[in-house]
Amino acid sequence: MRLHCIELPVPSPEEAGRWLESVLHFLPVGDGRLYVCGNCRLRLITAEGNAPLCAPGEVVGLEHIALETPDAGALLRALLSKGLAPEHDGGDPFFNPKVFGTGTRYFNLIAPFGTKFEFCQRLDKDYPPDSAEILGLEHIGLSARDFAASFRELSTYGFRPRFAPVENDTARGRVQCAVLDGPAPIELYSFEGAQAFPEADPTRAPRLVFRADAEASLKERNGACIRCEAAPKYDIVALGEALIDFVPGGQQESGKVSYQGAPGGAPSNVLAAASHLNMQTAFIGKVGNDVFGRLIRSTMERNGICTDGLLRSETEPTTLAFVSLDERGDRSFSFYRQHSADCMLRSAELPLTLLEQAGIFHFGSVSMTAEPVRSATLEAVRHARSKGAVIAFDPNLRLPLWPDADSAYHAICKGLRYADLVKLSEEELEFLTKASDHTAGMRELLERYDIRMLVVTLGADGCLCLCRNGVFLRQHTIQVTALDTTGSGDAFWGTFLSELLLCDCCDRIPAPQVLQHILGVSCVAGSLTATAFGAVPAMPTASALHAGMLRLLER
């Protein structure tokens, strides 16, 4: 289960949207009803009836939305300079010493449409110097009538306390409070006298919208401020190679080579990028029972990727790849993969339940270079497709792994026959079509195959996208100093698939303005990943993507 968005009833979505853009730097997506700031997504809906909006305070339900800021003092001064009236402590943010070890600095602002925003700076964190003014969602404040009952209820759905519940004395009386991690960051509290608080009008109050698999349910508690929508258990399931990428490390001495190893493999990189955006992901593949295989498993789990489908071979080793970088950070590969574990995945070993629980099933062509994994890959694609999954394909062409170029060509073409969503590099596009003109090559592939959306990445020049309905878009990216492009394409694709899901466009072609936003975020993800060494460690967070998008819009 994951938080999909926060639904805000407002008198005028247009006016509320303009306020979110100009004051809090939220970015509009599409029709002006969805606004995004890092990992915070607000869906604006028109409030019903003529009753006044629920004023935050003595009410049971969603009481405030806390946004994280790297400098609460600077943000407070900026909002005061705009003539706004935040709640503050004589010109300084409030200080709360009890919530975290070193405390928080915060202040509050009630929007014209009635929503209370809290701006929170964690004093136990070091923020990057290039952070945006507002990073995204820090927590959601839920006011409960019965603290203990609400605590138990949320616990049954995977919420866990970050620390033991505490009690504070406030200007509004004594309050019980706990911060819960899980599908969403929740600050649950209950004031003295809350038994007498009215419940928020569900047609006028903010609501948390969760996505969960069809077997899960979430009761509407705490003022009917929670709704759960049915969704596949896993947003994205990927099958393929999981390996160790060795990249040049440090200063190379004469006559010696020095490499640093990090878990990689395109399908798992795609899942890591998606998991950083709070997607539910699962991997299918095989590694050796060795130090490298154990490192891959622990890294996936640390990044929130389900490893139920990651098998362990007692007889074959984990695949290794050695990466060489030129002066621009571009790569060439040497693989140690003869009879390695990822090549030995068999159709009979496929976890069919995982395939049946996928919203998107993603695969590449590296798992089609040898048997038995080639047959297993195609069987997985067919099974996932038969159960309703959207099929995503990134060939990720590595010619040294193939007997010859013709074998690679025919296998990739077979993969394209099943694919709804396809990502190619410009070199792969030319390999498949022999066309030097990108647009002509893309149109040729859409004529040959039933592809819904085809994206071609252009490195530092951004990307192109051609849709089945004829929409053709170009998207630029931000300028960065590239150190290592390993994983940049995977970060792009993991972000692209995640944004399709977040914008509810997984099974259809988005409106052009929505698609332009999705391509922009994806380009920023690819560019930021190139600014650090290694694939998974370099994947950007939602707040880093938001800061990058603000840079992109300035350009």
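The rules behind these values
Residues numbered from 1 in each chain as written. Predicted model: local features only at pLDDT ≥ 70, side-chain atom pairs only at ≥ 80, totals over all residues. Heavy atoms only, no water. Pairing = 2+ DSSP bridges. Helix = DSSP H or I, 4+ residues; strand = E, 2+ residues; numbered from the N terminus. Axes fitted to C-alpha atoms, helices over the stretch in contact; angles between N-to-C directions. Contact = heavy atoms within 4.5 Å. 1 Å grid on protein atoms, 1.4 Å probe; cavity = no way out; pocket = protein on both sides within 12 Å on 5 of 7 lines; lining within 4 Å. Points joined across faces, edges and corners; volume = space filled by probe spheres on them. Buried < 20%, exposed > 50% of the residue type's maximum accessible area, 1.4 Å probe, protein only. Parallel < 35°, antiparallel > 145°, perpendicular 65-115°, else oblique. Left-handed = near helix turned anticlockwise from the far one by under 90°. Phe/Tyr/Trp six-rings, centres within 6.5 Å; stacked < 30°, edge-to-face > 60°. Lys NZ or Arg CZ within 6 Å of the ring centre and 35° of its normal.

1. Quick look at the sheet that holds strand β16 (residues 234-239)
Then, number 1: Taking strand neighbours across the sheet as the criterion, the nine strands line up as β20-β19-β16-β23-β24-β25-β26-β27-β28 in an open arrangement whose pairing is mixed. For this open sheet the edge positions go to β20 (305-313) and β28 (472-475), each flanked by a neighbour on one side alone. Ignoring which end each strand starts from, the neighbouring axes of this sheet average 20° apart.
Then, number 2: Pairing analysis gives four bridges linking β16 to strand β23 (residues 358-364), with the strands arranged parallel. The partner of I236 across the bridge, within β23, is I360.
Then, number 3: Helix-sheet contacts for helix α4 (residues 266-275) involve β16, β19 (281-288), β20 and β23, and the interaxial angle to β19 is about 145°.

2. Comments concerning the sheet that holds strand β2 (residues 27-29)
Then, number 1: Ordered in space as β2-β3-β4-β1-β14-β15, the six strands form an open sheet in which the pairing is mixed. Both outer strands of the open sheet, β2 and β15 (226-230), are each paired with one neighbouring strand and no more. Across this sheet, the average inter-strand angle for adjacent strands is 30°, counted without regard to direction.
Then, number 2: The pairing of strand β14 (residues 207-212) with β15 spans five bridges and is classified as parallel.

3. Things to note about empty space enclosed by the protein
Then, number 1: Scanning the model with the defined rule gives seven cavities of 30 Å³ or more in all.
Then, number 2: The volume enclosed by the second largest cavity comes to roughly 70 Å³.
Then, number 3: What lines the second largest cavity is P263, G264, S268, N269, A272, I296, T299, M300, N303, I305 and V536.
Then, number 4: Among the secondary structure elements, those contributing two or more residues to the lining of the second largest cavity are β18 (259-264), α4 and α5 (291-302).

4. A closer look at α4
Then, number 1: Among the ten residues of α4, ten are classified as buried, and the element is accordingly described as predominantly covered.
Then, number 2: Listing the buried residues of α4 in full gives A266, P267, S268, N269, V270, L271, A272, A273, A274 and S275.

5. A closer look at the packing of helix α12 (residues 512-529) against helix α13 (residues 542-554)
Then, number 1: One way to put it is that α12 packs onto α13 with a least axis distance of 9 Å and a crossing angle of 110°. Viewed along their axes, α12 and α13 adopt a mutual orientation that is roughly perpendicular. The interaxial crossing formed by α12 with α13 has right-handed handedness. Facing H517, G520, V521, V524, A525 and L528 of α12, the residues of α13 in contact are A544, L545, G548, M549 and L552.

6. A short note on the packing of aromatic side chains
Each pair of aromatic rings is reported with the distance of its centres and the angle of its planes.
Then, number 1: By the definition in use, this model includes 16 aromatic pairs.
Then, number 2: Ring centres 5.5 Å apart and planes at 75° place the aromatic pair F322 and Y336 in the edge-to-face group. Residue F322 is found in strand β21 (residues 319-325), and its partner Y336 is found in strand β22 (residues 331-336); the two are separated by 14 residues along the sequence.
Then, number 3: Each member of the aromatic cluster is reached from another via a ring pair, and the members are F246, Y259, F292, F322 and Y336.
Then, number 4: Cation over ring: K434 sits above F431, and NZ or CZ is 5.6 Å from the ring centre.
Then, number 5: R443 extends its terminal NZ or CZ atom over the ring of F472, reaching a point 6.0 Å from the ring centre.

7. Description of unusual backbone geometry
Then, number 1: Looking along the chain, the bond that leaves E371 and enters P372 is cis, with omega of 5°.
Then, number 2: Positive phi, close to 60°, is recorded for H25, a residue that is not glycine.
Then, number 3: Along the chain, H25 falls in the loop between α1 (13-24) and β2.
Then, number 4: A positive phi angle is found at N278, which is not glycine, with a value near 75°.
Then, number 5: Looking at the element boundaries, N278 is found in the loop between α4 and β19.

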